[in-house]
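Chain residues, written in single-letter form:
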Amino acid sequence: MQIFLPLLLIGFLAGCSQIDALAPVGGDKITSVRNAAYNVLVQQQVEVLLAPTCSTVEAGFSCIGSTVDNEPIVVEASGTAPFPLVITVDGITIFEGTAQSVLDQAVLEAS
């Protein structure tokens, strides 16, 4: 029994580190916005040179990238679910909706 307890503790601690590692994979708010933006860009067949990178701003999130023609890709999103977002390419709005709806649709299409 004395040997079993330390093994159980080691197994528990290993499990905790595995659970902690799932958070970045599962995603957080900024990851949800970024993934939704990528999905929209693929759906709209935007030829991306630099994928938008996102940062936290006062209103939520802002993501900046560029097309192969060096046109700016701008993603602005609220910081609260369902993460309303607007995506523009060279100043033209190509998407206005929520990140959650884009991600939900991607899950349905993958099933």
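Residues numbered from 1 in each chain as written. Predicted model: local features only at pLDDT ≥ 70, side-chain atom pairs only at ≥ 80, totals over all residues. Heavy atoms only, no water.

Thoughts on the overall build of the protein chain
So, point 1. Looking only at helices and strands, the protein chain has three helices and five strands in total.
So, point 2. When the 111 residues of the protein chain are sorted by exposure, 27% land in the buried category.
So, point 3. Considering only intrachain contacts with a sequence separation of at least 6, the fraction spanning at least 24 residues in the protein chain is 29%.
So, point 4. Total accessible area on the protein chain stands at roughly 7400 Å², and carbon and sulfur atoms take up 62% of it. (Helix = DSSP H or I, 4+ residues; strand = E, 2+ residues; numbered from the N terminus. Buried < 20%, exposed > 50% of the residue type's maximum accessible area, 1.4 Å probe, protein only. Contact = heavy atoms within 4.5 Å. Areas by Shrake-Rupley, 256 points an atom, 1.4 Å probe, with all protein chains shown as cover.)

As for the state of the cysteines
So, point 1. For the structure shown, the criterion picks out one disulfide.
So, point 2. Each disulfide pairs two cysteine sulfurs, and for C54 the partner residue is C63, the sulfurs being separated by 2.0 Å. Taking the torsion about the S-S bond as the criterion, the C54 to C63 disulfide, at about 100°, is right-handed. (Disulfide = S-S within 2.5 Å.)

Remarks on the environment of G60
So, point 1. Here G60 shows up in strand β2 (residues 60-67).
So, point 2. Each C-alpha atom, one on G60 and one on T80, is 7.4 Å from the other, the two residues being 20 residues apart in sequence.
So, point 3. Every residue in contact with G60, bar those within four places of it in the chain, is listed here: S55, A77, S78 and G79.

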